[in-house]
Every structure is written in C-alpha cells, then in structure tokens.
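# Reading the structure
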Amino acid sequence: MILTVDIGNTTVRLCGLEWQNVGGYEVRYLAKTDTPRASDAGEWFETVRELLKKEEGLLDRVEGAVLCSVVPDLTEP
C-alpha cells in the first residue's frame, strides 16, 4: 500500500492506495483531521499515528509514502 499525506492549511488528509492486478490502484483507506497547530514533531506524529491505528493492520501494509504539504512547519516532522 502507498500512503499519501496531504497537509493543508486547515486539514490533513491521508489516503491508502493498494495495487490491484486489474484496474491499477484502489483506494483502501481515507481519513481527514484538522491540521495540528503545534510544530512539535511528537504531537504531529501522534496525530497521524492515531488516524492510522483506526484501521487494523494498515501500518503493516504500508510500503511507501507520498507527501504534499503547504505548511512548511509540518513538512519536516
């Protein structure tokens, strides 16, 4: 699964895409939350981790990630 992360000014969106032999990638996971206001890397990590933990076994299936961000303070963490 490829995890995509879109960090916007007001929301963070996560999408898990899994390759299907027929038809290409299929959306397997979608989540959205408010963008964390703290630039603390630990808080940012916990926000994303809590979203991903809601779907059992999701983290074990992630093989790569793509990041898109318009919030420079959250891009690095």
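Presented here is an overview of the structure given in this document. (Residues numbered from 1 in each chain as written. Predicted model: local features only at pLDDT ≥ 70, side-chain atom pairs only at ≥ 80, totals over all residues. Heavy atoms only, no water.)

Time to look at the sheet that holds strand S1 (residues 2–7). Consider a sheet: its strands pair through backbone hydrogen bonds, and that pairing is either parallel or antiparallel. With respect to topology, four strands assemble into an open sheet ordered S3-S2-S1-S4, the strand pairing being mixed. Each of the sheet's edge strands pairs with one partner strand only, and the pair in question is strand S3 (24–34) and strand S4 (64–69). Taking each pair of neighbouring strands and ignoring which way they run, the sheet shows an average axis angle of 15 degrees. In this structure, strand S2 (residues 11–20) lies alongside S3, joined through 10 bridges in antiparallel fashion. When the bridges of S3 are listed, Gln20 appears paired with Gly24. (Pairing = 2+ DSSP bridges. Helix = DSSP H or I, 4+ residues; strand = E, 2+ residues; numbered from the N terminus. Axes fitted to C-alpha atoms, helices over the stretch in contact; angles between N-to-C directions.)

Looking now at the packing of aromatic side chains. Within the structure shown, the criterion is met by one aromatic pair. When the ring of Trp19 is compared with that of Tyr25, the centres are 5.1 Å apart and the planes differ by 75 degrees; the resulting orientation is edge-to-face. (Phe/Tyr/Trp six-rings, centres within 6.5 Å; stacked < 30°, edge-to-face > 60°.)

The subject of this paragraph is the environment of Asp6. By the secondary structure assignment, Asp6 is in strand S1. Along the backbone, Asp6 and Leu67 are 61 residues apart, and their C-alpha atoms lie at a distance of 6.1 Å. Once residues within four sequence positions are removed from consideration, Asp6 is found in contact with Thr11, Val12, Arg13 and Cys68. (Contact = heavy atoms within 4.5 Å.)

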